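# Observations on the three-dimensional arrangement
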Amino acid sequence: MDMGIVYKLQGARRGFTYSVLLSASGLLFELLVFALWGSIILLTDILHWAVDTVLEVFALVAVYYALRVGRKFPWGVLVLEGAIMLLSIIVALGVYVFSFIGYIVTEYSAGSVTTTSLLPALGTVAGAVFTLVAFVVQKKNYEEYGLQVLKVDYTHALIDLVASFVSTAGIVAAYYTRSTNVEVMFVFVSMMFIIHSLVEILRDVVKTVTGSNIDHELSMKLYKKLLDELHDVVVNDVVARRIGSFYAVEAKIQVKPDTKISTVHRLRRKIVKKIHEESDLIYHVDVKVYPMPRRERRKMK
């Protein structure tokens with residue numbers, strides 16, 4: 001892997017570590033506020049925080065594995081972690097749906113709001129502060145390292161900042177109007193932000209788990225590129241898989257059995273460089289080198 005990419009990915013890893021810590025801190029603080037003062041609007045925002053924390057963790061894990069220079073990208077481990085994250089989201093959604101149904105059956109049906117104080121806004125305001133810090137950190141990291149995955153994250157943080165403002169406004173409006181319709185309206189608005197985050201996670205996790213994250217167009221493009229630019233070797237296969245906003249590529253190459261180890265190392269560096277030249281979104285490249293079968297050697301004579 002090009003050392004420039006390594007440096008950038010190290011910066012991205014630090015950035016996502018901060019994002020995960022900030023997201024987890026915001027989630028815990030909102031849970032504490034909810035335990036003290038409640039509010040269905042705050043509970044909805046907590047679900048949003050939970051989903052976003054899972055998203056940040058998944059991004060951090062992917063960047064961590066992309067940094068494993070010289071090692072095979074562990075797709076099996078990533079699939080397992082993706083499945084665990086998917087299960088975590090399903091559990092969180094289940095708890096929320098159960099609570100929301102209880103709210104509809106009791107408070108909403110009785111015409112009473114759950115937002116009986118302005119104090120739940122402490123959670124959403126604090127959440128906005130945590131999100132703003134994450135936005136500033138990741139935007140600064142993007143400006144320094146230029147990785148698309150960082151831009152995606154700070155853009156998402158900006159959307160989350162708007163969601164925090166909406167939740168805060170909903171708590172204030174529900175408290176002063178004492179209207180269950182106003183409260184439910186803001187709950188559904190907050191749900192739109194949750195759906196946005198869920199779509200991101202489900203798309204990436206499901207594709208990773210099912211193995212449908214292969215970009216066939218990029219794979220073919222890279223295959224033809226190596227085929228045209230490499231000589232005295234056989235290009236068996238090139239597969240580009242997308243994880244979130246970046247790609248991990250695996251190239252399988254055959255060389256003559258008497259090829260020197262030093263030549264193989266130079267060939268590997270050349271292949272990695274050629275693949276990285278194709279797209280800034282390719283952050284990890286695995287090159288597998290195999291001895292060329294006798295029939296392939298005869299073809300090349």
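Residues numbered from 1 in each chain as written. Predicted model: local features only at pLDDT ≥ 70, side-chain atom pairs only at ≥ 80, totals over all residues. Heavy atoms only, no water.

## A short note on the overall build of the protein
- Secondary structure assignment for the protein yields nine helices and three strands.
- When its helices and strands are written in sequence order, the protein yields α-α-α-α-α-α-α-β-β-α-β-α.
- Taking 19 Å as the expected radius of gyration for a compact globule of 301 residues, we find that the protein reaches 24 Å, considerably beyond that expectation.
- Counting only C-alpha atoms, the protein reaches 85 × 35 × 25 Å along its principal axes.
- Looking at the protein alone, contacts between residues at least 24 apart form 75% of all its contacts between residues at least 6 apart.
- Accessible area for the protein stands at about 15,000 Å²; split by element, carbon and sulfur atoms hold 64% of it.
- The distance from the centre of the 33 positive side-chain charges to the centre of the 27 negative ones in the protein is 13 Å. (Helix = DSSP H or I, 4+ residues; strand = E, 2+ residues; numbered from the N terminus. Rg over C-alpha atoms; globule rule 2.2 N^0.38 Å. Contact = heavy atoms within 4.5 Å. Areas by Shrake-Rupley, 256 points an atom, 1.4 Å probe, with all protein chains shown as cover. Lys, Arg positive; Asp, Glu negative; His and termini not counted. Charge placed at Lys NZ, Arg CZ, Asp CG, Glu CD.)

## Quick look at the pattern of salt bridges
- Per the stated rule, a full pass over the model turns up six salt bridges.
- The closest approach of N and O atoms between Glu278 and Lys225, which form a salt bridge, is 3.7 Å. Separated by 53 residues along the polypeptide, Glu278 in helix 8 (residues 261-278) and Lys225 in helix 7 (residues 216-229) bring together distant segments of the chain.
- By relative accessible area, Glu278 is classed as partly exposed at 23%.
- In this structure Lys225 comes out as buried when scored by relative accessible area, which is 17%.
- Taken together, the shared-partner salt bridges connect Lys221, Lys225, Glu229, Lys274 and Glu278 into one network. (Salt bridge = Lys/Arg side-chain N within 4 Å of Asp/Glu carboxyl O. Buried < 20%, exposed > 50% of the residue type's maximum accessible area, 1.4 Å probe, protein only.)

## Some remarks on the packing of helix 2 (residues 40-66) against helix 4 (residues 121-145)
- Two elements in contact, helix 2 and helix 4, have axes separated by 10 Å at closest approach and are oriented at 25°. In terms of orientation, helix 2 lies roughly parallel with respect to helix 4. Seen from above, helix 2 lies across helix 4 with left-handed handedness. In this structure, helix 2 uses Leu42, Asp45 and Trp49 to contact helix 4, whose residues at the interface are Gly123, Thr124, Gly127, Phe130 and Thr131. (Axes fitted to C-alpha atoms, helices over the stretch in contact; angles between N-to-C directions. Parallel < 35°, antiparallel > 145°, perpendicular 65-115°, else oblique. Left-handed = near helix turned anticlockwise from the far one by under 90°.)

## Observations concerning the environment of Val182
- Mapping Val182 onto the fold places it in helix 6 (residues 180-210).
- Taking the C-alpha atoms as reference, Val182 lies 9.5 Å from Ile171; in sequence the two are eleven residues apart.
- Excluding its chain neighbours within four sequence positions, the residues that come into contact with Val182 are Ala173, Ala174 and Thr177.

Shape descriptors only; they carry no functional weight alone.
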